[in-house]
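# Topology and contacts: notes
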Amino acid sequence: MYVGNIPYGKKENDLKDLFGTYGEVSSVKFVNEKETGRFRGFGFVEMANKDEAERAITALEGNDFGGRTLRVNEARPRAPRPPRERW
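Right, let's walk through the structure included here. (Residues numbered from 1 in each chain as written. Predicted model: local features only at pLDDT ≥ 70, side-chain atom pairs only at ≥ 80, totals over all residues. Heavy atoms only, no water.)

With that settled, consider unusual backbone geometry. Of note, the phi angle at N5 is positive, near 65°, even though the residue is not glycine. Mapped onto the secondary structure, N5 falls in the loop between β1 (2-4) and α1 (12-20). Overall, the relative accessible area of 27% leaves N5 in the partly exposed class. (Helix = DSSP H or I, 4+ residues; strand = E, 2+ residues; numbered from the N terminus. Buried < 20%, exposed > 50% of the residue type's maximum accessible area, 1.4 Å probe, protein only.)

Here it is, written out as structure tokens:
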């Protein structure tokens, strides 16, 4: 699942605990900037089965988490981006 608008002070274990109330969490991965290594405010959560994931999406989408409104939905593949031009 894609999880957006995560507070910058939160850690992966915080998200694992939150989603763990809806089922078994297989993995949590925060996304960081390549250049600085800073957390970008979103990540991905994998759960053991689809029913638990759907229950978590329904329960957590739009809920407050650390003062921010979570965006939770099924992760989709990233759309291809055109190659960058070199200057």
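What follows concerns the nonpolar core. Counting 18 residues, the largest nonpolar core has M1, V3, L15, F19, V45, M47 and V72 as the members making the most contacts within it. The set of elements that each furnish at least two residues to this core consists of α1, β2 (25-32), β3 (39-47) and α2 (50-60). The biggest single contributor to this core is α2, with four residues. Apart from the residues within four sequence positions on either side, V72 is in contact with M1, Y2, V3, F19, I57, L60 and E61. (Core = buried A, V, L, I, M, F, W, Y, C linked by side-chain atoms within 4.5 Å. Contact = heavy atoms within 4.5 Å.)

One open sheet accounts for four strands, arranged β2-β3-β1-β6; its pairing is antiparallel. Looking at which strands have only one partner, the edges of the open sheet turn out to be β2 and β6 (71-73). Taking the axes of each pair of neighbouring strands and ignoring which way they run, one obtains an average angle of 20° across the sheet. Helix-sheet contacts for α1 involve β1, β2, β3 and β6, and the interaxial angle to β2 is about 140°. (Pairing = 2+ DSSP bridges. Axes fitted to C-alpha atoms, helices over the stretch in contact; angles between N-to-C directions.)

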